[in-house]
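Working through the structure, step by step
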Amino acid sequence: MASSRSRALSLVAILGVITEIYVSWNALGATEVVGLHARYFLTFVPFVSLGLGRQTALGDKRWIPGVLFGGLTLVNVLALGLLAHASYP
């Protein structure tokens, strides 16, 4: 289970991303955050996978970080390949 310190750090990081998007993209005094996408939170995925790999309540799940890292790397390489193919035919 996550400690209260790691939960607080996670909350600060998420609020930091939301604040940065608000300051960068929204008009002064806007009442909602416009332009917030899930892709801005992808940087947290490796840390979440490391946390999942340490949980003993799930049993021996040390393979989770490796599978997530490998899968996300593969998806990233495929996306970059598709982007390059579309940009430079």
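Figured I'd write up the structure that's included with this text. (Residues numbered from 1 in each chain as written. Predicted model: local features only at pLDDT ≥ 70, side-chain atom pairs only at ≥ 80, totals over all residues. Heavy atoms only, no water.)

1. Observations concerning the overall build of the protein chain
When helices and strands are counted, the protein chain shows 3 helices and 0 strands. Scanning the protein chain from its N terminus toward the C terminus, one meets helices and strands in the order α-α-α. In the protein chain, buried positions account for 8% of the 89 residues. When contacts within the protein chain are restricted to residue pairs at least 6 apart in sequence, long-range pairs at least 24 apart make up 18% of them. For the protein chain, the accessible area works out to roughly 7,500 Å², and carbon and sulfur atoms hold 71% of it. (Helix = DSSP H or I, 4+ residues; strand = E, 2+ residues; numbered from the N terminus. Buried < 20%, exposed > 50% of the residue type's maximum accessible area, 1.4 Å probe, protein only. Contact = heavy atoms within 4.5 Å. Areas by Shrake-Rupley, 256 points an atom, 1.4 Å probe, with all protein chains shown as cover.)

2. Details of the environment of P46
Tracing the backbone shows P46 in helix 2 (residues 45–54). A relative accessible area of 38% means that P46 is categorised as partly exposed. Put simply, P46 and P65 are 19 residues apart on the chain and 7.3 Å apart in space, counted from C-alpha to C-alpha.

3. Quick notes on the environment of P65
Within the fold, P65 resides in helix 3 (residues 64–87). Judged by its relative accessible area of 17%, P65 is buried.

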